[in-house]
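# Structural characterization, general
Residue strings, one per chain:
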Amino acid sequence: MSAETADAAEPAGLTTGCADAASRRREQRGWYFYDFACSVYSTSVLTVFLGPYLTSVAKAAADADGFVHPLGIPVRAGSLFAYAVSVSVVVAVIVMPVVGAAADRTGRKKPLLAAAAYVGAAATTGMFFLDGHRYLLGALLLIVANASISVSMVLYNAYLPQIAGPDERDAVSSRGWAFGYTSGAFVLILNLVLYTGHDSFGLSESDAVRICLASAGVWWGAFTVVPLRRLRDRRVTPGGDGAVGSGWRQLMTTLRDMRRHPLTLSFLLAYLVYNDGVQTVISQASVYGSEELGLDQTTLITAVLLVQVLAVAGALGMGRLARVYGAKRTILGSLVVWTLILVAGYFLPADAPVFFYLLASAIGLVLGGSQALSRSLFSHLVPHGKEAEYFSAYEMSDRGLSWLGPLVFGLAYQLTGSYRDAIISLVIFFVVGSVLLARVPIRQAVAAAGNPVPERI
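Everything numeric here is computed off the predicted structure, so don't read it as measured data.

Procedures and definitions
Residues numbered from 1 in each chain as written. Predicted model: local features only at pLDDT ≥ 70, side-chain atom pairs only at ≥ 80, totals over all residues. Heavy atoms only, no water. Phe/Tyr/Trp six-rings, centres within 6.5 Å; stacked < 30°, edge-to-face > 60°. Buried < 20%, exposed > 50% of the residue type's maximum accessible area, 1.4 Å probe, protein only. Helix = DSSP H or I, 4+ residues; strand = E, 2+ residues; numbered from the N terminus. Lys NZ or Arg CZ within 6 Å of the ring centre and 35° of its normal. pLDDT = per-residue confidence, 0-100. Contact = heavy atoms within 4.5 Å. 1 Å grid on protein atoms, 1.4 Å probe; cavity = no way out; pocket = protein on both sides within 12 Å on 5 of 7 lines; lining within 4 Å. Points joined across faces, edges and corners; volume = space filled by probe spheres on them. Axes fitted to C-alpha atoms, helices over the stretch in contact; angles between N-to-C directions. Left-handed = near helix turned anticlockwise from the far one by under 90°. Salt bridge = Lys/Arg side-chain N within 4 Å of Asp/Glu carboxyl O.

### Considerations on the packing of aromatic side chains
Under the criterion given, the structure shown has 21 aromatic pairs. Ring centres 5.5 Å apart and planes at 85° place the aromatic pair Phe128 and Phe129 in the edge-to-face group. Take Phe128: its relative accessible area is 33%, and that puts it in the partly exposed class. On the basis of an interplanar angle of 35° and a centroid distance of 6.0 Å, the ring pair of Phe409 and Tyr419 is categorised as tilted. Here the residue Phe409 occupies a position in helix α17 (residues 404-416), and Tyr419 occupies one in helix α18 (residues 419-424), the gap between them amounting to 10 residues. Look at Tyr419 and you get buried, because its relative accessible area is 3%. Here a set of aromatic residues connected by ring pairs shows up, and it is made of Trp31, Tyr32, Phe33, Tyr34, Phe36, Tyr156, Phe179, Phe186, Trp219 and Phe223. In this structure, Lys109 packs its charged tip against the face of Tyr159, placed 5.4 Å from the ring centre.

And the structure:
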């Protein structure tokens, strides 16, 4: 039987979907590599280089009062990056549920994953042309790339319940994040060498930054080949209209269906709130470090590199903690640490790299684990056969609805001119998210979704 025929004949669901443990492990290893591919965008582009660089391009194009005017709207140059992130996730909100519904209806996740990944990789590679006063180009490419990675993650995450059993999902999800942070750290080392030694390479500082941005797109596209070769589409029962023609009707059906699982919705609401804070800290940290704390680009790169290295250990370590204390308690503990990080960040002195490194270390230890465990915990709350649809809602919480944090951050800076006021405003997301998560009876939620309840969750 050919590989294509085997894929087409693969039934939905884990218990009958993987012929044996070896094939499941092969698929899991392929799955890890999408984190390995796309995490470089999140690290090098979104977290390190694009925020400060796009801000500098916008400031170069600003008027005497420090404002640029995209589409005639006055925007403070320092807020442009945050606003562009907000717009990108609004775009993702529109697209993700339809893609998720199409994937579940047709069973063909891989072609959709390939399309989203390569559109995002192309937009990221195009950032090489971001120079001079081209702040609008930079904002547009950011919107396309950020929306694309969100759409691709809907499809990527939807594979998790199909390739891992209930008792191994925390570990598999954590390994995926660890793969991502490993690639992020490796590429950041290369970026650091290029950026700090740009003169010896005959490059300007701007040239070096643009090469670092574009190389993330090349990396993303190149390593996406691995999961596309190893992941398998599952056959679904035909019925209903075509996926394209019924996308929005399927979305409404999904939303109505989710009302039948109020505990799953309760978890999503909690995750939406606290993850909004996480995503905003990730995307705005380098802007805060460069603009408010006066740190140079080399310091920011090495700090984020430190985050990547510690995030690998943090993701794996929190996965082990979850086996002892349960994923919910472990996530709640990480949210307490996130709150303390923001409070410490507010009081962080300027021109003090050592204190910034200490804060980066704390972020690294909780970043990967809190995200990986949230993903694996949600996978237990998804009704069988609705993985992509429900993970589209999850991804809306993960990335697609994480527009409020950047918007609050941008508005706080626009109104006060202080990044410290902007950073401390994010505490509310972690406090409220913790309260909402603590109120969710996870074991009851798993059972209500019709899934087996793990011994420790």
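Read on, since the account is not over.
### Quick notes on the confidence of the model for the chain
In the predicted model, the chain carries a mean pLDDT of 84, and 89% of its residues have values of at least 70. Between residues 1-19, whose pLDDT stays under 50, and residues either more than four places distant or in other chains, the model counts 36 contacts.

### Some details on empty space enclosed by the protein
Tallied over the full model, the rule gives three cavities of 30 Å³ or more. Considering only enclosed or pocket space, the largest cavity measures out at about 520 Å³ in volume. If you trace the largest cavity, you find 33 residues lining it, with Thr47, Val281, Ile282, Ile363 and Leu367 closest to the centre. Looking at the lining of the largest cavity, the elements with two or more residues in it are α3 (21-61), α8 (169-196), α12 (262-292), α13 (297-325), α14 (327-346) and α15 (353-379). The element that contributes the greatest number of residues to the lining of the largest cavity is α3, accounting for seven residues.

### Side note on the packing of α14 against α15
Contact geometry of α14 with α15 gives a least axis separation of 9 Å together with a crossing angle of 145°. In this structure, the crossing between α14 and α15 has a hand that is left-handed. Side by side, α14 and α15 meet where Ala327, Lys328, Thr330, Ile331, Ser334, Val337, Trp338, Ile341, Ala344 and Gly345 of the first sit next to Leu359, Ala362, Ile363, Val366, Leu367, Ser370, Leu373, Ser374 and Leu377 of the second.

### Brief notes about the pattern of salt bridges
Following the criterion strictly, the structure yields eight salt bridges and no others. Residue Glu168 pairs with Arg24 through a salt bridge whose shortest N-O separation is 3.2 Å. On the criterion of sequence distance, the pair formed by Glu168 in the loop between α7 (160-163) and α8 and Arg24 in helix α3 is long-range, its members being 144 residues apart.

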